[in-house]
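Chain and residue survey
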Amino acid sequence: MEQDVESPAIIKKPKLPKQALEDLPKPLSEKERAKRVQRYVQKNGKCNVRHGNVRETYRYLTDLFTTLVDLKWGLNLFIFVLVYTVTWLFFGFMWWLIAYLRGDLEHLSDNQWTPCVNNLNGFVAAFLFSIETETTIGYGYRVITDKCPEGILLLLIQSVLGSIVNAFMVGCMFVKISQPKKRAETLVFSTNAVISMRDGRLCLMFRVGDLRNSHIVEASIRAKLIKSKQTKEGEFIPLNQTDINVGYNTGDDRLFLVSPLIICHEINQSSPFWEVTQAHLTRDELEVVVILEGMVEATGMTCQARSSYVSREIKWGYRFTPVLTLEDGFYEVDYNSFHDIYETNTPACSAKDLADMNNRTRLPLTWSLASRLSQQGLPDEQTEKNGDVANVESESKV
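Residues numbered from 1 in each chain as written. Predicted model: local features only at pLDDT ≥ 70, side-chain atom pairs only at ≥ 80, totals over all residues. Heavy atoms only, no water.

**Examining a nonpolar patch on the surface**
Quick note on the threshold: A patch is a set of surface residues, each over 30% in relative accessible area and not in a salt bridge, joined within 9 Å for like charges and within 5 Å for the nonpolar side chains Val, Leu, Ile, Met, Phe, Trp and Tyr. For the area figures, the Shrake-Rupley method with a 1.4 Å probe applies, and any residue is considered shielded solely by the protein chains shown. For salt bridges, the criterion is a side-chain nitrogen of Lys or Arg within 4 Å of an Asp or Glu carboxyl oxygen. Secondary structure is summarised from DSSP: a helix means a run of H or I of at least four residues, a strand means a run of E of at least two, and numbering begins at the N terminus for each.
On the surface, Ile152, Leu153, Leu156, Ile157, Val160, Leu161 and Ile164 cluster together into a nonpolar patch covering about 630 Å² of accessible area. The topology assignment puts Ile157 in helix H8 (residues 149-177).

**Some remarks on the environment of Pro347**
To keep things clear, this is the line we draw: Residue contacts are counted whenever heavy atoms from the two residues lie within 4.5 Å of one another.
Summarising the element assignment, Pro347 is placed in the loop between strand E14 (341-343) and helix H11 (351-361). With near-sequence residues (within four places) excluded, Pro347 lies in contact with Met197, Trp316 and Leu354.

**Observations regarding the side chain of Ser228**
Put simply, the rule is: We define a polar contact as two N or O atoms separated by no more than 3.5 Å, with the added condition that, inside protein, one atom must be a possible hydrogen donor and the other a possible acceptor, whereas residues neighbouring each other in sequence contribute only through side-chain atom pairs.
Among the structural elements, Ser228 can be located in strand E4 (residues 216-230). Looking at Ser228, its side chain comes within polar contact range of the main-chain nitrogen of Leu239, at 3.1 Å.

**Quick look at the confidence of the model for the protein chain**
Stated formally: Confidence scores labelled pLDDT are given residue by residue by the predictor and lie between 0 and 100.
Mean pLDDT for the protein chain: 82, with 82% of residues reaching 70 or above. Counting interchain partners and residues more than four positions distant, the pLDDT-below-50 stretch residues 1-28 has 37 contacts. For residues 365-398, every residue scores under 50 in pLDDT, and the model assigns this stretch 13 contacts once sequence neighbours within four places are set aside.

**Overview of the layout of surface pockets**
We apply this condition: A pocket here means an open set of points on a 1 Å grid, computed over the protein atoms alone, that has protein on both sides within 12 Å along at least five of seven lines. A cavity is instead a set of points where a 1.4 Å probe fits but cannot get out; residues with an atom within 4 Å of a point line either one. Grid points are joined across faces, edges and corners, and a volume is the space filled by probe spheres set on the points. Gly counts as polar in this scheme, as do all residues outside two lists: the nonpolar Ala, Val, Leu, Ile, Met, Phe, Trp, Tyr, Cys and Pro, and the charged Asp, Glu, Lys and Arg.
Of the pockets and cavities examined, the largest pocket occupies roughly 1100 Å³. Lining the largest pocket are 27 residues, and of these Asn44, Lys46, Lys181, Glu185 and Arg306 lie nearest its centre. Elements with a contribution of two residues or more to the lining of the largest pocket: helix H5 (64-70), H8, helix H9 (181-184), strand E1 (187-189) and strand E9 (302-310). Broken down by element, the residue count for the lining of the largest pocket peaks at five residues, all from E9. Residue composition of the lining of the largest pocket, grouped by class: 11 nonpolar, seven polar and nine charged.

**As for H8**
In plain terms, the rule: Each residue after the first adds 1.5 Å to the expected span of a helix. Each residue gets one of three labels from its accessible area relative to the maximum for its type: buried under 20%, exposed over 50%, partly exposed in between, using a 1.4 Å probe on protein chains only.
Over its 29 residues, H8 runs 42 Å from end to end, which matches the ideal 42 Å to within 8%, given 1.5 Å per residue. By the burial criterion, the buried members of H8 are Gly151, Leu154, Gln158, Gly162, Val165, Met169, Cys172, Met173 and Lys176. In this structure, the buried residues of H8 make contact with H5, helix H6 (73-102) and helix H7 (123-135).

**A few points about unusual backbone geometry**
For Asn119, which is not glycine, the phi dihedral falls at a positive 65 degrees. Given a relative accessible area of 38%, Asn119 falls into the partly exposed group. The backbone phi angle of Leu239 is positive, close to 55 degrees, even though this residue is not glycine. Relative to the helices and strands, Leu239 resides in strand E5 (residues 236-244).

**Considerations on the pattern of salt bridges**
Pairing of side chains with opposite charge becomes possible as their charged atoms draw close. Under the definition given, this model contains 11 salt bridges. Arg102 serves as the salt-bridge partner of Glu150, at 3.2 Å between the closest nitrogen and oxygen. Of this pair, Glu150 sits in helix H8 while Arg102 sits in helix H6, and the two are 48 residues apart along the sequence. Across the salt bridge formed by Lys227 and Asp284, the nearest N and O atoms sit 3.0 Å from each other. On the criterion of sequence distance, the pair formed by Lys227 in strand E4 and Asp284 in the loop between helix H10 (278-283) and strand E8 (287-296) is long-range, its members being 57 residues apart. The class of Lys227 is partly exposed, set by a relative accessible area of 22%. Salt bridges linked by common partners bring Arg39, Lys43 and Glu313 together as one network.

Written out as structure tokens, the structure reads:
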């Protein structure tokens with residue numbers, strides 16, 4: 001991000017956001033710079049973003065079900081107990097109020113009096129009858145009579161509302177329990193990403209694996225480069241997201257995640273790492289966010305696991321240690337070596353410079369025809385013209 005800061009447009013400090021002013025270059029040691037690295041996504045997949053100054057908070061209530069599911073477990077259980085307790089107390093008060101208004105509490109010892117609810121002699125009894133009615137326990141000691149139309153109406157209302165409360169709260173708790181977030185914890189990413197040569201090209205690679213025997217169905221992976229940038233017009237874009245191709249065109253992004261896999265990003269002209277060298281990577285501030293998605297085989301619910309790699313966690317000139325070995329009739333994965341890497345010979349230049357050097361080695365072949373003509377004694381001017389013509393023809397063919 002130092003290249004972005006060096007632009008003349010950043011000199012106008014009052015017009016820049018706070019983050020742009022804080023990112024001005026300062027001479028820091030390696031330890032100090034490591035402490036100041038701010039992640040966009042934590043290694044465990046949690047996004048390090050907080051929403052502040054949200055004025056339209058009423059939008060959370062429009063989707064109350066999702067709001068309750070997203071709450072923490074302690075608060076979720078508290079609301080679960082509170083909702084049931086409030087409904088039982090409310091309808092218990094209503095049953096007591098009916099008995100009080102009808103005079104049932106004044107004729108407790110009168111055998112000729114027909115109360116609304118038999119054996120309801122106070123608020124505690126009304127509260128217990130409310131619980132029995134809503135939970136359909138039915139002990140049989142307290143029973144509503146047919147001489148109380150207001151009680152029958154209240155019974156219908158409590159039965160309908162109780163069913164709605166049960167469906168809402170039990171459904172919320174079921175979704176909360178069956179969330180696939182815990183399943184994502186058994187999807188592991190390598191601690192470091194590496195950059196090394198593969199098939200003659202520089203590649204950015206990282207490893208993913210699944211610790212469970214039940215597989216992730218329709219697994220797919222994608223990656224994003226998170227890096228602040230400044231446009232040619234002087235606009236500062238904090239945490240700009242750039243897509244990193246990990247095999248979308250070839251289908252390599254769709255994984256059969258039975259054993260650990262090494263995900264490879266070829267650094268070509270369309271890659272954001274095209275002009276990045278080893279020296280530039282060590283002092284640059286960037287973050288690579290990787291996202292693995294798929295369906296849980298046991299439940300069919302969508303699962304997502306995330307991780308990230310900052311610049312100091314991208315090791316230049318390393319490869320991953322193999323973890324898969326062939327045993328007697330099966331393949332064994334050694335997860336002790338899952339995060340291990342070893343050093344390999346890798347050029348420190350960028351992929352662009354490496355491609356330019358490869359093109360320069362092919363230049364004598366292009367001018368071979370001109371050299372042969374010069375050896376036959378043709379004039380220098382004619383030789384140069386033939387060389388130009390041959391070069392233009394070869395470029396047009398390409």
